[in-house]
Amino acid sequence: MNIGFRIFSVDKRVDQLIVDQFRTVVTPHISDNMSRLQGAGAKLRPYHNGMKLVGTAFTVKTRPGDNLMVHKAIDLAQPGDVIVVDAGGDQTNAIVGEIMQRIAKKNRIAGFVINGAIRDTVAFKNDSFPVYAKGVTHRGPYKDGPGEINVPVSFNGMIIHPGDLIVGDEDGLVVVPLEEAEEILEKAQKMARKEVEIFQSIEQGTIDRNWIDSTLKEKGCESYDSYKSFTTSGGYK
């Protein structure tokens, strides 16, 4: 087995009916219902013009600065797949640019997630084709490998398996494991309905804020008539 130059198939993807329903679900509601452990953190940001990213993961693991296997992934991925690239988080060389963006759009790829850099940012900013990346550089990539397609990848605390659901919006990226997608969808939709009720109670002036004092009391918080500052010699003045 030639480790470093392997291409695997995607055995199973999240059902398209479930994928479509996630288009109206915001990433905070997804993240909150997975104990906030499945997000990519704040380092990967959107560089496109507003369109939400929703699709199934088609993963690539490549050495930093090389996009040979990313090109191959664009040719192999199905419509609706998201090309998810772990390039080690390196920003020395761009992994994708406008040419690859145009090919991916033509192939009806859902978007790019790049743990690395991109270039030709004007082309991305002027287009709704979703791309999330760690940074930008004008320096182009190498095309030598090694790299592997459809292997598990991990970056910024987010572990992605081929076929998992990827959702991205203005708040960032989150992955939903394939086998848990339907359950998380139901929980996120329930949270959205609950949030609407909270908004209504705010407008009506009926929102219950007693939980704040209850929590502070439980933590042993004490109130004072005036602020007491700590002196360098020890004690309060």
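Residues numbered from 1 in each chain as written. Predicted model: local features only at pLDDT ≥ 70, side-chain atom pairs only at ≥ 80, totals over all residues. Heavy atoms only, no water.

Labelled according to an unreviewed UniProt entry, the chain appears under the name Putative 4-hydroxy-4-methyl-2-oxoglutarate aldolase, originating from Metabacillus elymi. In UniProt, the chain has this text filed under Cofactor (unreviewed entry): "a divalent metal cation". Under Function (unreviewed entry), UniProt gives the following word-for-word description of the chain: "Catalyzes the aldol cleavage of 4-hydroxy-4-methyl-2-oxoglutarate (HMG) into 2 molecules of pyruvate. Also contains a secondary oxaloacetate (OAA) decarboxylase activity due to the common pyruvate enolate transition state formed following C-C bond cleavage in the retro-aldol and decarboxylation reactions." (UniProt positions renumbered as here; feature names shortened; annotations may be inferred.)

1. As for the overall build of the chain
In terms of helices and strands, the chain carries seven helices and twelve strands. Since a compact globule built from 237 residues should have a radius of gyration of about 18 Å, the 22 Å found for the chain marks it as more spread out than a globular shape. The principal-axis extent of the C-alpha atoms belonging to the chain is close to 70 × 50 × 40 Å. The buried share of the chain, reckoned over its 237 residues, is 43%. Within the chain, residue pairs in contact and separated by at least 24 positions form 76% of the contacts whose partners lie at least 6 positions apart. Roughly 13,500 Å² of accessible area belongs to the chain as shown, and the carbon and sulfur atoms make up 50% of that amount. Taking the average location of the 29 positive side-chain charges in the chain and that of its 31 negative ones, the two points are 5 Å from each other. (Helix = DSSP H or I, 4+ residues; strand = E, 2+ residues; numbered from the N terminus. Rg over C-alpha atoms; globule rule 2.2 N^0.38 Å. Buried < 20%, exposed > 50% of the residue type's maximum accessible area, 1.4 Å probe, protein only. Contact = heavy atoms within 4.5 Å. Areas by Shrake-Rupley, 256 points an atom, 1.4 Å probe, with all protein chains shown as cover. Lys, Arg positive; Asp, Glu negative; His and termini not counted. Charge placed at Lys NZ, Arg CZ, Asp CG, Glu CD.)

2. What to know about unusual backbone geometry
With an omega of 0 degrees, the peptide bond running from Gly145 to Pro146 counts as cis. Mapped onto the elements, Pro146 comes out in the loop between β7 (131-136) and β8 (147-149). One non-glycine residue, Arg108, lies in the positive phi region at around 65 degrees. Relative to the assigned elements, Arg108 resides in the loop between α4 (98-106) and β6 (111-118).

3. Examining the side chain of Thr62
Mapped onto the elements, Thr62 comes out in strand β3 (residues 53-62). In terms of polar contacts, Thr62 uses its side chain to reach the backbone carbonyl oxygen of Pro146, at 3.4 Å. Filtering out sequence-adjacent residues up to four positions away, Thr62 remains in contact with Val85, Asp86, Ala87, Pro146 and Gly147. (Polar contact = N/O pair within 3.5 Å; in protein donor to acceptor, adjacent residues only side chain to side chain.)

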